[in-house]
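# Overview (structure and organization)
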Amino acid sequence: MATYRARVSEFKELLSKPKIDFKMLHQMCSNGIPDCPGLRCDCWRLLLNYLPANTEEWPKVYQSQRELYKQFLQEMIIQPGRKHEGGSRTDVTFEDHPLNPNPNSQWSQFFKDNEILLQIDKDTRRLQPDIGFFQQATEYPCEELVNESSNIETLRKRVEHTLLNSEDIARNKLGISATAPKKKPQTYDFGHETLPEGQEAHWEVVERILFTYAKLNPGQSYVQGMNEIVGPVYYVFASDSKQENREHAEADTFFCFTNLMSQIRDNFIKSLDHSPDGINAKMERLMTMLGQCDPQVYRVFEREGLKPEFFGFRWLTLLLSQEFPLPDVIRLWDSLFADDRRPEFLICVCCAMIVLQRDEILNGDFAVIVKLLQNYPTIDINVLLRKAEELRKYL
């Protein structure tokens, strides 16, 4: 307990200085951040380049960035979702109607956005189902959206309306449209009920973050798996015992997620898979490191035809967010975010995961090894991180 209190004091002292010593911050965070109100939130904001080293600038950064995020919501979600009293969309005109074939029309963009939104909705509804947090109501919903008198369509309602009103449009060779009979509406069943009007679940907040990100990054948009990246970041901010962190979790998560994606975005762009920084190059580096640190295990992989695509693709793309329980992922990300050579250290961690299972691998066949690596066994995350540190010499 004394050691814990001492570490908390060290972190608080570091964060209270006029200028953050980033070298010291990285060193301290690499050993794990104490579960003390506000500490991990402040450290992650710093490590993910949301906050500057000068602590006197923090209030100004918070104010400007949070106001900027409110503007994004107005432009991307609130204003497009606002309706007239009669229930019609404000952007419907004689020239711009749902059947307008012009690809630049507002309705054409609306339908494209719906395709993205449906995928985001599906992914965020089932985010971290084991802990139940994301199905619970947030203390700080977007009041302008959940207020019954606002007459604004939330993303959840937009998805529900899209599914309920979906029709098949078939075009014959002459380009004439025909409307097919309505199919039975699609439904989601994730074992939880929709919250009452006026409330928002945490997954809905994450959905809004991802949809806003997709709208602001049309070249990349949303790719399945991004929900697994943003989830732990939002969880840390929204579940913190410090009220200010919970209140502004949505905006802070958006900018931290955006900064993190700027570093790992190549993993989510298929056209860059074969680039020097693409996911294929990273998997090759993982296997090269394995061959250097444990040739015997590497030969088993070669003999059995075990390719890194079977396990390493998910590990590297999702920063191991699906391989361990959420508390272990958060502890692992403390070290990962704190590392100056983050992509290289992630490869070290992945290689350590293989090496720590060497006995099972040496005695297993293809099916056994693939199952082992795709369903990684319970492990002390600190043991894994220490092993990863040992493997740095092979970088």
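Residues numbered from 1 in each chain as written. Predicted model: local features only at pLDDT ≥ 70, side-chain atom pairs only at ≥ 80, totals over all residues. Heavy atoms only, no water.

To keep things clear, this is the line we draw: UniProt positions are given in the numbering used here, feature names are shortened, and annotations may be inferred rather than shown by experiment.
Looking at an unreviewed UniProt entry, one finds the chain named TBC1 domain family member 13, with Acanthaster planci as its source organism. According to UniProt, the comment filed for the chain under the heading Subunit (unreviewed entry) is "Interacts with RAB1A and RAB10; in a GTP-dependent manner." Quoted verbatim from the Function (unreviewed entry) field of the UniProt record, the comment on the chain reads "Acts as a GTPase-activating protein for RAB35. Together with RAB35 may be involved in regulation of insulin-induced glucose transporter SLC2A4/GLUT4 translocation to the plasma membrane in adipocytes."

## Some thoughts on the overall build of the chain
Under the convention used in this document: Helix numbers and strand numbers start at the N terminus; a helix is a DSSP run of H or I with at least 4 residues, a strand a run of E with at least 2. Summary of the burial criterion: residues with accessible area below 20% of their type's maximum are buried, those above 50% are exposed, and those between are partly exposed, where the area comes from a 1.4 Å probe applied to protein chains only. Only the protein chains shown count as covering a residue, and every accessible area follows the Shrake-Rupley method with a 1.4 Å probe.
Secondary structure summary: the chain contains 19 helices and two strands in total. Across the 395 residues of the chain, 49% fall into the buried class. Of the roughly 20,300 Å² that the chain leaves accessible, carbon and sulfur atoms contribute 50%.

## With respect to the pattern of salt bridges
Basically, it comes down to this: Salt bridge, as applied in this entry: a Lys or Arg side-chain nitrogen positioned within 4 Å of an Asp or Glu carboxyl oxygen.
Throughout the structure, instances matching the rule amount to 21 salt bridges. Taking the shortest distance from any N to any O, the salt bridge between arginine 66 and glutamate 244 comes out at 3.8 Å. Separated by 178 residues along the polypeptide, arginine 66 in helix H4 (residues 58-81) and glutamate 244 in helix H10 (residues 243-247) bring together distant segments of the chain. The buried category is assigned to arginine 66, whose relative accessible area is 10%. Among the ionic pairs, arginine 156 bridges to glutamate 204, the shortest N-O distance being 2.8 Å.

## Details of the packing of aromatic side chains
Filter applied, for reference: Within 6.5 Å between ring centres, the rings of Phe, Tyr and Trp (the latter by its six-membered ring) count as paired, and their orientation is classed by plane angle as stacked under 30 degrees, edge-to-face over 60, tilted in between. Comment: the charge-over-ring label is applied if NZ (Lys) or CZ (Arg) is within 6 Å of the ring centre and within 35 degrees of the ring normal.
The final tally for this structure, using the stated rule, is 18 aromatic pairs. Summarising the aromatic geometry, the rings of tyrosine 50 and phenylalanine 255 are spaced 5.9 Å apart at their centres and angled 5 degrees between planes, so their arrangement reads as stacked. Here the residue tyrosine 50 occupies a position in the loop between helix H3 (39-47) and H4, and phenylalanine 255 occupies one in helix H11 (residues 249-264), the gap between them amounting to 205 residues. Of the two residues, tyrosine 50 and phenylalanine 255, neither departs from the other in class, the shared state being buried. The interplanar angle of 75 degrees and the centroid separation of 5.9 Å between the aromatic rings of phenylalanine 324 and tyrosine 376 together place this pair among those described as edge-to-face. With phenylalanine 324 in the loop between helix H14 (312-317) and helix H15 (326-338) and tyrosine 376 in the loop between helix H18 (366-374) and helix H19 (381-390), this pair connects stretches of sequence that are 52 residues apart. Here phenylalanine 324 matches tyrosine 376 in class, with each residue buried. Each residue in the set Tyr50, Tyr62, Tyr69, Phe72, Phe254 and Phe255 is aromatic and connected to the rest through ring pairs, giving one cluster. Taking NZ or CZ as reference, arginine 45 lies 5.2 Å from the ring centre of phenylalanine 237, over its face.

## A word on H3
Burial of H3 is extensive: nine of the nine residues sit out of reach of the surface. Every buried residue belonging to H3 is among Leu39, Arg40, Cys41, Asp42, Cys43, Trp44, Arg45, Leu46 and Leu47, and all of these are buried. Once H3 ends, the next one or two residues include asparagine 49, with phi positive near 60 degrees.

## So, unusual backbone geometry
With a phi angle near 60 degrees, asparagine 49 is a residue other than glycine that sits in the positive phi range. Summarising the element assignment, asparagine 49 is placed in the loop between H3 and H4. Unlike most non-glycine residues, leucine 320 shows phi in positive territory, near 65 degrees. Its location among the elements puts leucine 320 in the loop between H14 and H15.

## A closer look at the environment of threonine 288
Within the secondary structure, threonine 288 is located in helix H12 (residues 279-293). Given a relative accessible area of 45%, threonine 288 falls into the partly exposed group.

## Quick look at the packing of helix H8 (residues 202-216) against helix H9 (residues 226-238)
Operational definition: Lines fitted to C-alpha atoms define the axes, with helix axes restricted to the stretch in contact, and inter-axis angles between N-to-C directions lie between 0 and 180 degrees. Throughout, the term roughly parallel applies to angles under 35 degrees, roughly antiparallel to angles over 145, roughly perpendicular to angles from 65 to 115, and oblique to all others. Crossings are assigned a handedness: left-handed for a near helix turned anticlockwise from the far helix by less than a right angle, right-handed for a clockwise turn. Whether two residues are in contact is decided by their heavy atoms: any pair within 4.5 Å suffices. Under the convention adopted here, Pro, Cys and the residues Ala, Val, Leu, Ile, Met, Phe, Trp and Tyr are nonpolar, Asp, Glu, Lys and Arg are charged, and Gly plus all remaining residues are polar.
Interhelical geometry of H8 versus H9 gives an angle of 125 degrees and a closest axis separation of 10 Å. Judged on the interaxial angle alone, H9 and H8 are oblique. Two packed elements cross with a definite hand, and for H8 against H9 that hand is right-handed. Every residue of H9 that contacts H8 at His202, Val205, Val206, Ile209, Leu210 and Tyr213 is listed here: Met226, Asn227, Val230, Tyr234 and Ala238. Considering only residue class, the contact of H8 with H9 consists of nine nonpolar, two polar and no charged.

## Considerations on the state of the cysteines
Note the threshold: Any pair of cysteine sulfurs within 2.5 Å is marked as a disulfide.
Following the criterion strictly, the structure yields zero disulfides and no others. Cysteine cysteine 256 is unpaired, with the sulfur of cysteine 41 as its nearest cysteine sulfur at 9.1 Å. Taking relative accessible area as the criterion, cysteine 256 reaches 0% and is therefore assigned buried.

## Concerning the packing of H8 against H11
Contact pair H8 / H11: the axes reach a minimum separation of 10 Å and the direction vectors enclose 45 degrees. By the angle between their axes, H8 is oblique relative to H11. Regarding H8 and H11, the two cross each other, and that crossing is right-handed. Packed against H8, whose contacting residues are Val205, Arg208, Ile209, Leu210, Thr212, Tyr213 and Leu216, the element H11 presents Glu250, Thr253, Phe254, Phe257, Thr258 and Met261 at the interface. Its residues assigned to classes, the contact of H8 with H11 comprises eight nonpolar, three polar and two charged.

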